[in-house]
Amino acid sequence: MSIATARVGSNIAFIKYWGVADATLNIPLSNSISMTLADAHTTTTVAWDNTGTLDGDVFVLDGNTQSPARSQRLTRHLDILRGLAGVTWRAWVTSQNNFPTASGIASSASGFAALTVAGSAALGLDLSNSRLSAIARRSSGSASRSLFGGFVEWEQGTSDADSVARPLYGPEHWDLRDVVAIVSGEEKKLSSADGHLLAKSSPLLAGRIDHVAGWLAETRTAIAQREIHRLGPIIELDALAMHSVMMTSNPSLLYWQPGTLEILQAVRAWREDDGLAVYFTIDAGPNVHLICEAERATEVETRLAGLRSVERIISSPPGPGPQLLDEHLI
Ligand code: PMV
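Residues numbered from 1 in each chain as written. Predicted model: local features only at pLDDT ≥ 70, side-chain atom pairs only at ≥ 80, totals over all residues. Heavy atoms only, no water.

Participant: Run through the nonpolar core, naming residues and quoting values.
Facilitator: Formed by 32 residues in total, the largest nonpolar core has its most connected members in Trp18, Ile263, Trp270, Val278, Leu290, Val300 and Leu304. When contributions to this core are tallied by element, the ones reaching two or more residues are strand S10 (176–182), helix H6 (228–247), helix H7 (258–274), strand S11 (278–281), strand S12 (288–293) and helix H8 (297–305). Excluding anything up to four places from it in sequence, leucine 290 contacts Arg177, Asp178, Val179, Ile263, Val267, Trp270, Val278, Tyr279, Phe280, Val300 and Leu304. Core analysis: the second largest hydrophobic core is formed by 31 residues, Leu78, Ala113, Ala118 and Val152 among them. (Core = buried A, V, L, I, M, F, W, Y, C linked by side-chain atoms within 4.5 Å. Buried < 20%, exposed > 50% of the residue type's maximum accessible area, 1.4 Å probe, protein only. Helix = DSSP H or I, 4+ residues; strand = E, 2+ residues; numbered from the N terminus. Contact = heavy atoms within 4.5 Å.)

Participant: How would you summarise the site of the ligand if you had to cite specific residues and measurements?
Facilitator: Taken together, 14 residues lie around the ligand, and Tyr17, Ser142, Arg145, Ser192 and His196 are the ones closest in. If the ligand stood free it would expose 380 Å²; the protein chains cover 95% of that surface. Grouping the constituent residues of the shell around the ligand by class yields 5 nonpolar, 6 polar and 3 charged. Each of two domains, domain 1 (2–171) and domain 2 (176–316), supplies a minimum of three residues to the shell around the ligand. (Near = heavy atom within 4 Å. Areas by Shrake-Rupley, 256 points an atom, 1.4 Å probe, with all protein chains shown as cover. Nonpolar A, V, L, I, M, F, W, Y, C, P; charged D, E, K, R; others polar. Domains from an automatic or database assignment.)

Participant: Please set out the side chain of threonine 42 residue by residue, giving values where relevant.
Facilitator: With respect to the helices and strands, the residue threonine 42 is situated in strand S4 (residues 32–49). Judged by its relative accessible area of 1%, threonine 42 is buried.

Participant: Can you tell me about the packing of helix H1 (residues 72–85) against helix H3 (residues 129–139), naming the residues and giving the values?
Facilitator: Two elements in contact, H1 and H3, have axes separated by 9 Å at closest approach and are oriented at 145°. Crossing geometry of H1 relative to H3 is assigned as right-handed. Two secondary-structure elements touch here, H1 through Arg73, His77, Ile80, Leu81 and Leu84 and H3 through Arg131, Ile135, Ala136, Arg138 and Ser139. Tallied by class, the residues present in the contact of H1 with H3 amount to 5 nonpolar, 2 polar and 3 charged. (Axes fitted to C-alpha atoms, helices over the stretch in contact; angles between N-to-C directions. Left-handed = near helix turned anticlockwise from the far one by under 90°.)

Participant: Report on unusual backbone geometry, specifying residues and quantitative values.
Facilitator: With an omega of 0°, the peptide bond between asparagine 250 and proline 251 qualifies as cis. Looking at where proline 251 falls in the secondary structure, it is placed in the loop between H6 and H7. For asparagine 26, which is not glycine, the phi torsion reads 60° and is therefore positive. Classification of asparagine 26 as buried rests on a relative accessible area of 11%. Phi is positive for arginine 226, close to 50°, though the residue is something other than glycine. Following the sequence through the fold, arginine 226 ends up in the loop between helix H5 (205–224) and H6.

Participant: How would you summarise H8 if you had to cite specific residues and measurements?
Facilitator: Where H8 is concerned, the buried positions are Ala297, Val300 and Leu304. Seen along its axis, H8 keeps its buried residues to an arc of 65°; they face one direction. Exposed residues on H8 whose side chains face more than 90 degrees from its buried face are Thr298, Thr302 and Ala305. In this structure, the buried residues of H8 make contact with S10, H7, S11, S12 and strand S13 (312–316). (Arc of directions from axis to C-beta.)

Participant: A description of the pairing of S10 should follow, citing residues and the corresponding values.
Facilitator: A large share of S10 lies buried, amounting to 7 of its 7 residues. Because side chains alternate across S10, one face comprises the buried residues Leu176, Asp178, Val180 and Ile182, and the other comprises Arg177, Val179 and Ala181, equally buried. Alignment of S10 against S12, held across 6 bridges, turns out to be antiparallel. Each residue of the ladder has a partner; that of alanine 181, found in S12, is valine 288. (Pairing = 2+ DSSP bridges.)

Participant: Which residues make up the domain arrangement of the chain, and what values go with them?
Facilitator: We note that the domain assignment places domain 1 (2–171) and domain 2 (176–316) within the chain. Distance from the C-alpha centre of domain 1 to the C-alpha centre of domain 2: 24 Å. In this complex, domain 1 contributes 32 residues to the contact, which on the side of domain 2 involves 46 residues. Three residues stand out in domain 1 for area buried against domain 2, namely Phe14, Lys16 and Trp18, and they jointly supply 28% of the buried area on that side. Run the count over domain 1 and domain 2 and you get 2 salt bridges. (Buried area = accessible area lost by both parts, 1.4 Å probe. Salt bridge = Lys/Arg side-chain N within 4 Å of Asp/Glu carboxyl O.)

Participant: Please give an account of the packing of aromatic side chains that cites residues and values.
Facilitator: Tallied over the entire structure, the rule returns 1 aromatic pair. Seen in terms of ring centroids, tyrosine 17 and tryptophan 154 are 4.7 Å apart; in terms of plane orientation they differ by 70°. Their pairing is edge-to-face. Residue tyrosine 17 is found in the loop between strand S1 (2–15) and strand S2 (20–22), and its partner tryptophan 154 is found in strand S8 (residues 151–154); the two are separated by 137 residues along the sequence. Judged by its relative accessible area of 10%, tyrosine 17 is buried. For tryptophan 154, a relative accessible area of 0% corresponds to the buried category. (Phe/Tyr/Trp six-rings, centres within 6.5 Å; stacked < 30°, edge-to-face > 60°.)

Participant: Now, about H7: what can you tell me, with residues and values included?
Facilitator: The terminal C-alpha atoms of H7 lie 24 Å apart, and with 17 residues this matches the ideal 24 Å at 1.5 Å per residue to within 8%. Of the positions making up H7, those classed as buried are Gly259, Thr260, Ile263, Leu264, Ala266, Val267, Trp270 and Arg271. Down the axis of H7, the buried set is contained in an arc of 165°. They therefore lie on one face. In H7, the exposed positions that point more than 90 degrees away from the buried face belong to Pro258, Gln265, Glu272 and Asp273. On its buried face, H7 is in contact with S10, H6, S11, S12 and H8. Directly after H7, the chain includes glycine 275, whose backbone phi takes a positive value near 70°. (Expected span 1.5 Å × (residues − 1).)

The structure is reproduced here in structure tokens:
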């Protein structure tokens with residue numbers, strides 16, 4: 001049995017990935033920039049069965065054995081690794097998230113990145129992080145960015161080989177916090193994989209894509225100079241632009257709940273009335289990520305806890321890239 005275990009942080013995008021130029025390869029319509037999270041991670045053990053005992057992959061997630069239907073995406077991802085290694089072995093895969101699924105923290109990003117790192121290590125494949133990023137991207141675009149720690153840019157590229165993430169700065173560059181306000185623990189009705197396919201039906205998609213190059217440049221500069229008042233307005237603008245595309249696609253995707261809007265209004269009031277340097281971003285769900293510098297995080301958490309619609313708060317600094325662990329989950 002060849003076995004390996006990897007721990008990989010999820011990431012929060014400052015400039016988002018939404019919509020695909022190539023749906024099979026997950027080539028995006030633009031670059032995106034994110035921060036890898038230290039305290040929201042997936043740990044995955046992959047054990048390849050080279051004895052031929054298994055007739056299908058077995059996937060246990062957070063202690064629950066997944067049905068073949070729920071394991072389909074995992075099996076398709078393992079097929080890529082099997083192809084690279086030239087084997088037909090099936091695998092036992094055990095995965096644990098240290099954050100709730102559907103919390104608005106992308107479990108697919110850390111999940112597919114951890115599966116790629118552990119699965120390829122257990123096969124003895126010696127692949128660069130850039131190559132691993134391309135493999136992870138095939139199953140979840142945002143997973144390509146979790147192959148690096150700190151601040152990361154995924155280059156759109158034009159092919160399987162060059163649509164990969166690259167590190168901008170390590171986690172020590174800037175002590176930011178992603179304070180996640182969870183307003184609903186419900187699992188979302190539409191996966192982001194399906195959402196990406198709908199982006200092209202929105203009349204607003206072209207407007208967002210026309211502006212994104214400028215927003216990416218502004219974001220790179222703001223991160224380089226550690227300027228929260230430069231970063232913040234751009235991440236809010238891009239999150240609102242992405243949600244405008246989602247809301248105006250056909251069918252329309254409305255991820256927000258009333259609590260989402262309560263938090264957005266509160267953040268703006270804290271900033272404008274009290275000068276609290278905090279900005280929001282939102283992924284494909286109702287929960288709101290508040291981005292601030294470390295010194296403001298306790299104040300932000302205390303204020304969030306006072307809002308009616310906040311069920312739970314998770315907070316994380318920037319974190320490292322993938323780690324291989326000696327202790328296995330199986
Ligand atoms: O990687 P996916 O297919 O789960 O898409 C992620 C989409 C967003 O989280 C909304 C944006 C992003 O860039 O992470």
